Amino acid sequence: MDALIGQLYDRLQQLSIDVNLVVVSDHGMLDVRNEDSISIAALNLNAADFAWVNEGSQLHIYARPETPANRIDNLQQQLGQQAAARFQVLDRRLRQRYGMQKVTRSGDILLQATAGRRFVNADGDKVSPGGHGYLPEHPDMGALFIASGPAFKTGAQLPTVHNLEVYPALAQIMGLTLIAPIDGKLEGLAQGLVSSEKSQAGYEE
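The sections below set out a description of the structure shown in this document.

Thresholds, definitions, all that
What you see as residue numbers is a count from 1 along each chain, following the sequence as written. The predicted origin of the model limits local features to residues at a pLDDT of at least 70 and limits the giving and counting of side-chain atom pairs to 80 or more, whereas totals for whole chains, interfaces and linings rest on all residues. As a convention, hydrogens and water are excluded, and side-chain values are obtained from all of the structure's heavy atoms. Only protein chains enter the area calculation, which uses a 1.4 Å probe; residues under 20% of their type maximum are buried, those over 50% are exposed, and those in between are partly exposed. Strands are runs of DSSP state E lasting at least 2 residues, helices are runs of H or I lasting at least 4, and numbering of each runs from the N terminus. When DSSP finds at least two bridges between two strands, those strands are taken to pair. The term polar contact refers here to a pair of N or O atoms within 3.5 Å; inside protein, the definition further demands a hydrogen-donor-capable atom paired with an acceptor-capable atom, and it admits residues adjacent in sequence only when both atoms are side-chain atoms. The contact definition used throughout considers only heavy atoms, calling two residues in contact when any of these lie within 4.5 Å. The distinction between a cavity and a pocket rests on a 1 Å grid over the protein atoms alone: a 1.4 Å probe fits inside a cavity but cannot get out, while a pocket stays open yet meets protein on both sides within 12 Å along at least five of seven lines, and a residue with an atom within 4 Å of a point counts as lining. Grid points are joined across faces, edges and corners, and a volume is the space filled by probe spheres set on the points. Throughout this entry, Asp, Glu, Lys and Arg are counted as charged residues, while Ala, Val, Leu, Ile, Met, Phe, Trp, Tyr, Cys and Pro are counted as nonpolar. The remaining residues, Gly among them, count as polar.

**As for the pairing of strand β7 (residues 109-113)**
Each regular strand shows side chains that alternate between the opposite faces of the sheet.
Reasoning step 1: Summarising burial for β7: 5 of the 5 residues are buried, a large majority.
Reasoning step 2: The alternating pattern of β7 places Ile 109, Leu 111 and Ala 113 and Leu 110 and Gln 112 on opposite faces, both of which are buried.
Reasoning step 3: Here 4 bridges tie strand β5 (residues 58-63) to β7, and the two strands are oriented antiparallel to one another. Residue pairing across strands places Gln 58 opposite Gln 112, the latter belonging to β7.

**Brief notes about the side chain of Ser 39**
Reasoning step 1: Within the secondary structure, Ser 39 sits in strand β3 (residues 38-39).
Reasoning step 2: Residue Ser 39 is classed as buried on the basis of its relative accessible area, which comes to 6%.
Reasoning step 3: At 3.5 Å, the side chain of Ser 39 and the backbone nitrogen of Asp 123 are in polar contact.
Reasoning step 4: Every residue in contact with Ser 39, bar those within four places of it in the chain, is listed here: Val 120, Asn 121, Ala 122 and Asp 123.

**Digging into the side chain of Asp 36**
Reasoning step 1: On the secondary structure map, Asp 36 appears in the loop between β2 (30-31) and β3.
Reasoning step 2: Leaving out residues up to four positions away in the same chain, Asp 36 has contacts with Gly 116, Arg 117 and Arg 118.

**Considerations on the layout of surface pockets**
Reasoning step 1: Of the volumes computed, that of the largest pocket is approximately 1,600 Å³.
Reasoning step 2: Asp 26, Pro 136, Met 141, His 162 and Asn 163 are, among the 45 residues lining the largest pocket, the residues nearest its centre.
Reasoning step 3: Elements represented by at least two residues in the lining of the largest pocket include exactly β5 and β10 (145-148).
Reasoning step 4: For the lining of the largest pocket, the per-class residue count stands at 21 nonpolar, 19 polar and 5 charged.
Reasoning step 5: Approximately 180 Å³ is the volume attributed to the second largest pocket.
Reasoning step 6: Lining of the second largest pocket is provided by Met 1, Asp 2, Ile 5, Tyr 9, Leu 21, Val 23, Leu 144, Ile 146, Ala 147 and Ser 148.
Reasoning step 7: Mapped by element, the contributors of at least two residues to the lining of the second largest pocket are α1 (2-13), β1 (21-24) and β10.

Spelled out as structure tokens, the structure:
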């Protein structure tokens, strides 16, 4: 992949126009071992009261419409006692922090596997050797951002930035106006951009 990106970069330099090249990833990856998997079957979830969706690093547990609130609370407490160091039951504060509030898409109960573990449907199920979707503080979850071209400073090394900054940064480079409110704000990535006038020069020549 490094070689292919190198070929792309070299060929872009041969063009008669200046081009900004931006290489990004949406998340990192880390090693996952089968022996560290978490069996959903061993959690003893009651299918009459709950349904669940296994996302690998997360398990969303949905209460069925007729399930009373006290059974949701009881299951959440039960899972908290089973968690040990294998997974975490995200409370309201953590769900708010990570943007996983209780809505139709996210479970009434949300389990987050600790880094390197995956939820599997039953004992013996295999997992891929790499995984993602863990809490963003883990250093291996960091994404990649490398850019080169007339809009970017040469040799600049940026601090850790949020991936929600990529869209407003590229919109600014291309002179586009954001047509709707977004969560991302251009802060850290702005340190890698040249002035607005200079960033547009490559497109005007």
